[in-house]
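Tertiary structure, described
The chain contents come next:
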Amino acid sequence: MFPPLYTVAAAQSISIPGDVPANVQAHLAMVQAAAQEGVQLLVFPELSLTGYEPDLAARHVLGADDAVLAPLREAARAHGMAVVVGAPVAPAVPGGLPAIGAWVFEPDGRAALYRKRHLHPGENTFASPGTEDFHVRPLAGQPTALAVCADTTHPQHARAARAGGAALYACGSVISEGAHARETAQLQGYAAEWGMAVLLANHGGPTGGYACAGRSAFWAPGGACVVAAPGTGTCLVIAERDGNGDGWQGRVLPTEPGRPGTAGVAGQ
């Protein structure tokens, strides 16, 4: 059961290929914007800190204590927000290829790591899979399962997360126009069938040769789409319980220069 006051968001970001410092700065701007909206959990797309760039993954393996990530850890602490970012990380099995990771920076200063369990066909040429069948941890006070892109196309991943107690299934992805309808229908189905909320953070522009669809979204338990970005570009897709805890409200906040304000509001 979600509390009456609970606010989560997908950070629909655009990555500069391989430029981790610049991407960190862009992430910080979105964290700041999210803090102003009262967001408690902010999720970025797959490999958001590097872009989805297979040829660059091995050169940009990031650890939680790396100096370049210190500003993100501090921002999470300063704003009392859990922040999930995507990056190449050390493999689960030493000596293997890098894993595709989701670093979690928590408000108390701790860091946690989830490695993508199910690789997309062809990703085994530059990445190794994680070993956890699901990863559930309390974020913003709720048991939250982390998923990275192709994880979500394997129903057993979401099923295991729900069986492990997840109330929210939080996904960072790279979803193209061609795959968007199919993959979002699957995510909505998880919310409908297993009664857990689902949050999708997709890239807001091209990355790694994929024309990403944007349209990050949030589905309430039961499958209703509370809010979705209308297309590409950078924005925050925010979902929150209303003050009485009776339902969900959503809004899209553009974060591109010159586009302040709220793009749209939805409710369920």
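Quick caveat: nothing in here was measured; it's all calculated off a predicted structure. (Residues numbered from 1 in each chain as written. Predicted model: local features only at pLDDT ≥ 70, side-chain atom pairs only at ≥ 80, totals over all residues. Heavy atoms only, no water.)

Right, let's talk about the environment of W248 for a bit. The residue W248 is located in strand 13 (residues 248-254) in this model. As for W248 and Y6, which are separated by 242 residues in sequence, their C-alpha atoms are 9.5 Å apart. (Helix = DSSP H or I, 4+ residues; strand = E, 2+ residues; numbered from the N terminus.)

Our focus in this paragraph is the nonpolar core. The nonpolar side chains of a soluble globular protein tend to be buried with one another. Judged by nonpolar contacts, the single largest core of 40 residues is most densely connected at V8, L41, L168, F218 and W248. Residues L42, A64, W103 and L253 belong to the second largest nonpolar core, which totals 31 residues. (Core = buried A, V, L, I, M, F, W, Y, C linked by side-chain atoms within 4.5 Å. Buried < 20%, exposed > 50% of the residue type's maximum accessible area, 1.4 Å probe, protein only.)

Next up on the list: the layout of surface pockets. Taken as a whole, the largest pocket holds about 240 Å³ of empty space. In terms of lining, the largest pocket is formed by 16 residues, of which the most central are H120, C149, V174, A179 and E183. Grouping the amino acids of the lining of the largest pocket by side-chain chemistry returns 7 nonpolar, 4 polar and 5 charged. (1 Å grid on protein atoms, 1.4 Å probe; cavity = no way out; pocket = protein on both sides within 12 Å on 5 of 7 lines; lining within 4 Å. Points joined across faces, edges and corners; volume = space filled by probe spheres on them. Nonpolar A, V, L, I, M, F, W, Y, C, P; charged D, E, K, R; others polar.)

Moving on, we come to the state of the cysteines. Linking two cysteines covalently via their sulfur atoms produces the bond known as a disulfide. In total, this model carries 0 disulfides according to the counting rule given. Sulfur of C212: no disulfide; nearest cysteine sulfur belongs to C149 and is 8.5 Å away. Classification of C212 as buried rests on a relative accessible area of 5%. (Disulfide = S-S within 2.5 Å.)

To continue, consider the packing of aromatic side chains. Taken as a whole and assessed by the stated rule, the structure comprises 7 aromatic pairs. Ring geometry for W103 against F105: centres 6.5 Å apart, planes inclined by 5°, an arrangement best described as stacked. F105 matches W103 in its accessibility class, with the two residues each being buried. An aromatic cluster is defined as three or more aromatic residues linked by ring pairs; in this entry it consists of Y6, F218 and W248. (Phe/Tyr/Trp six-rings, centres within 6.5 Å; stacked < 30°, edge-to-face > 60°.)

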